[in-house]
Amino acid sequence: AQSVTQPDIHITVSEGASLELRCNYSYGATPYLFWYVQSPGQGLQLLLKYFSGDTLVQGIKGFEAEFKRSQSSFNLRKPSVHWSDAAEYFCAVGARTGANNLFFGTGTRLTVIP
Amino acid sequence: NAGVMQNPRHLVRRRGQEARLRCSPMKGHSHVYWYRQLPEEGLKFMVYLQKENIIDESGMPKERFSAEFPKEGPSILRIQQVVRGDSAAYFCASSPLLAGDEQFFGPGTRLTVL
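Let me begin by describing the structure that accompanies this report. Treat the numbers as computed from the prediction; the structure is a model and nothing was measured.

The rules behind the values
- Sequence order as written defines residue numbering, which begins from 1 separately in each chain.
- Each chain is given a letter, starting from A, and each ligand a number, starting from 1, according to the order in which they appear as written.
- Given that the model is predicted, a residue must reach a pLDDT of at least 70 before its local features are reported, and side-chain atom pairs must reach 80 or more before they are shown or counted; all residues, however, enter totals for whole chains, interfaces and linings.
- Note: side-chain values were computed over all heavy atoms of the structure, leaving out hydrogens and water.
- The contact rule is simple, with two residues in contact once any of their heavy atoms fall within 4.5 Å.
- Salt bridges are identified by distance alone: a Lys or Arg side-chain nitrogen within 4 Å of an Asp or Glu carboxyl oxygen.
- Polar contact criterion, stated in full: a pair of N or O atoms within 3.5 Å, where within protein one must be able to donate a hydrogen and the other to accept it, and residues adjacent in sequence count only if both atoms are side-chain atoms.
- Criterion for a disulfide: a pair of cysteine sulfur atoms within 2.5 Å.
- Under the scheme used here, helices are H or I runs from DSSP no shorter than 4 residues and strands are E runs no shorter than 2 residues, and both carry numbers assigned from the N terminus.
- Summary of the burial criterion: residues with accessible area below 20% of their type's maximum are buried, those above 50% are exposed, and those between are partly exposed, where the area comes from a 1.4 Å probe applied to protein chains only.

**Quick word on the interface of chain A and chain B**
Then, number 1: Tallying the contact residues gives 24 residues for chain A and 24 residues for chain B.
Then, number 2: In this structure, the connection of chain A to chain B is made through 1 salt bridge.
Then, number 3: Between B:Glu102 and A:Lys49 there is a salt bridge, and its shortest N-O distance comes to 3.8 Å.
Then, number 4: Taken together, the connections running from chain A to chain B amount to 3 residue pairs in polar contact (both at pLDDT 80 or more).

So, in C-alpha cells, the structure goes:
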C-alpha cells in the first residue's frame with residue numbers, strides 16, 4: 001500500500017538557519033514526488049516536483065529536494081530560511097500510470113523565530 | 001489565467017442538513033480531484049472526475065457523499081445529512097492531463113457542522 005511519512009510534526013528554526021524536512025514513502029514503483037506548502041487558511045502551492053532525471057530538483061522560493069531511491073526519501077531543503085517560510089509543508093506521491101490521485105503525508109509545521 | 005476557484009470558502013451547516021461545495025477548475029483543465037483535510041492531518045484523496053465521468057471514487061465514503069462534474073458548470077461535492085465528523089477543509093484540484101501532471105489546488109472550503 002502507498003504511504004508517505006513525514007516524521008517531524010513540528011520544526012522550529014531561526015531565521016537564516018538551514019532547513020531540512022524529511023519525507024519517506026512506500027510505493028510499488030518509483031512514483032512522482034511533490035512538495036507543497038500551505039499557509040494558514042490557504043490552499044496548497046507546489047514548491048517542486050520530481051518526475052525523472054536529475055535527482056536534485058530545484059523549486060520556487062529557494063527550495064530544493066533530493067530523491068534518493070535507495071532510501072525511498074525525498075527530503076526538502078533550504079540553505080537559509082526566511083520568516084515568510086513559516087507554513088505547513090506536505091510531501092506527496094503520485095502514480096506514474098493509471099490513477100492520478102496524490103497521497104499526502106501528514107505535514108510538517110515550520111515555525112521561524114527571529 | 002484564473003486559478004482553481006472554490007466556493008463557498010466557509011460553510012456552516014447544522015447536523016442533518018446538506019452541504020454543496022463547488023469547484024471550477026483552471027481554464028483548459030478537464031480533470032478534477034477532491035481531497036479532504038481533517039484538523040491536524042494531511043489531505044486525503046476522495047474522488048477523481050473528468051467531464052461527466054467519475055474515474056476513481058475509492059476515497060469517498062460510501063454513504064452520504066457524492067460528486068459530479070457536468071459537461072457545463074463547476075464540479076460539485078455534495079454531502080447529505082452532514083454530521084460533526086464531516087467538519088473539515090475540502091480542497092479541489094485540477095490538472096490538464098493524466099498521471100504525473102501537476103495538480104493545481106483551490107483555496108478550499110472549510111465546512112463546519114454544528
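So that's the structure; there's more coming.
**Things to note about the state of the cysteines**
Residues and elements named next belong to chain A.
Then, number 1: Per the stated rule, a full pass over the model turns up 2 disulfides over all chains.
Then, number 2: Linked covalently through their sulfurs, cysteine 23 and cysteine 91 form a disulfide whose S-S length is 2.0 Å. Negative torsions about the S-S bond denote left-handed disulfides, and the value of about -65 degrees found for cysteine 23 with cysteine 91 makes this one left-handed. You can see cysteine 23 sitting in the loop between strand 3 (19-21) and strand 4 (24-26) and its partner cysteine 91 sitting in strand 10 (residues 87-94), a full 68 residues away along the chain.
Then, number 3: Judged by its relative accessible area of 0%, cysteine 23 falls in the buried class.
Then, number 4: For cysteine 91, a relative accessible area of 0% translates into the label buried.

**What to know about unusual backbone geometry**
Then, number 1: Of the consecutive residues B:Asn7 and B:Pro8, the connecting peptide bond is found in the cis state with omega at -5 degrees.
Then, number 2: Among the secondary structure elements, B:Pro8 is positioned in the loop between strand 1 (5-7) and strand 2 (10-13).
Then, number 3: With a phi close to 50 degrees, A:Ser72 is a non-glycine residue in the positive phi region.
Then, number 4: Taking the relative accessible area as the measure of exposure, A:Ser72 reaches 26% and is therefore partly exposed.

**Let's talk about the pattern of salt bridges**
Then, number 1: All chains considered together, the criterion is met by 10 salt bridges over all chains.
Then, number 2: Linking B:Glu41 and B:Lys44 is a salt bridge whose minimum nitrogen-to-oxygen distance equals 3.8 Å.
Then, number 3: For B:Lys44, a relative accessible area of 45% gives the class partly exposed.
Then, number 4: Shared partners join several salt bridges into a network, and the residues in it are A:Glu64, A:Glu66 and A:Arg77.

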